[in-house]
Amino acid sequence: VSVSRAIKPFAEPGRPPDWFSQKHCASQYSELLETTETPKRKRGEKGEVVETVEDVIVRKLTAERVEELKKIIKETQEKYRQLKKDAELIQAGHMDSRLEELCNEIMMWVI
């Protein structure tokens, strides 16, 4: 229960209401454990930190999330550049014939 409550604030939009239920979180975690290779134990000096399955999962999910965020940033930057270019064209008076169309597009984004 504590895990499902702890991650609820980080929810992505569009998740179903039961996404953070205790049962669903447990099944997702169980699936992660089953699909993750168990790291090989190394013999070494005392005090040496051995990588656990949890460490592997955290590293994998972190890498996936970083890639998702890079993709979102890239898309946002492209959208910004296009909007900036459109704004400059509007201010220069080159888009007067398309103002109504652009207005409708903006209204679709807002809704």
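See the structure shown above.
Heads up: these notes are all about the structure in this document. Per chain, residue numbering runs from 1 following the sequence as it is written. Owing to the predicted nature of the model, reporting of local features is limited to residues with pLDDT of at least 70; listing and counting of side-chain atom pairs is limited to 80 or more, with chain, interface and lining totals taken over all residues. The side-chain values count all of the structure's non-hydrogen atoms but skip hydrogen atoms and water molecules.

**Focus on the overall build of the chain**
Where we set the bar: Secondary structure follows DSSP: runs of H or I at least 4 residues long count as helices, runs of E at least 2 residues long count as strands, and numbering of each begins at the N terminus. Atoms considered for the radius of gyration are the C-alpha atoms alone. The globule rule reads 2.2 Å times the number of residues to the power 0.38. Remark: exposure states derive from per-residue accessible area (1.4 Å probe, protein chains only) relative to the maximum for the residue type, with buried under 20%, exposed over 50%, and partly exposed in between. Residue contacts are counted whenever heavy atoms from the two residues lie within 4.5 Å of one another. Note on areas: Shrake-Rupley, 1.4 Å probe, and residue coverage restricted to the protein chains presented here. When charges are tallied, Lys and Arg are placed among the positive residues and Asp and Glu among the negative ones, while His and the ends of the chain are skipped. Here the site of a charge means NZ on Lys, CZ on Arg, CG on Asp, or CD on Glu.
Within the chain, the secondary structure is distributed over four helices and zero strands. In the chain, the succession of α and β elements from N to C terminus is α-α-α-α. Its C-alpha radius of gyration of 23 Å places the chain more than 25% over the 13 Å reference for a compact globule of 111 residues. Based on the C-alpha atoms only, the size of the chain along its principal axes is roughly 75 × 35 × 20 Å. Out of the 111 residues in the chain, the part that is buried amounts to 10%. In the chain, of all internal contacts separated by at least 6 residues, the share reaching a separation of at least 24 is 21%. Accessible area of the chain: about 10200 Å², with a carbon and sulfur share of 57%. In the chain, the 20 positive side-chain charges and the 21 negative ones have mean positions that sit 6 Å from each other.

**Comments concerning the pattern of salt bridges**
How we decide: Here, a salt bridge means any side-chain nitrogen of Lys or Arg that lies within 4 Å of a carboxyl oxygen of Asp or Glu.
Enumeration over the complete set of coordinates arrives at four salt bridges. The residue Glu67 makes a salt bridge to Lys70 at a minimum N-O spacing of 3.9 Å. Here Lys70 and Glu67 lie together in helix α3 (residues 53-92), a separation of three residues that amounts to about one turn. Exposure remark for Glu67: the relative accessible area of 49% places this residue in the partly exposed category. Close ionic contact of Glu101 with Arg98 constitutes a salt bridge, the shortest N to O distance being 3.4 Å. Linked by salt bridges that have partners in common, Arg98, Glu101 and Glu105 make up one network.

**Things to note about α3**
Which entries qualify depends on this criterion: By definition here, a helix of n residues has an expected span of 1.5 Å times n minus one.
Between its first and last C-alpha atoms α3 spans 59 Å; for 40 residues at 1.5 Å apiece the expected length is 58 Å, and the two agree. Taken together, the buried positions of α3 are occupied by Val53, Val56, Ile57 and Asp86. Buried residues along α3 sit in contact with α2 (22-35). Looking one or two residues past α3, Gly93 carries a phi angle of roughly 85°, positive in sign.

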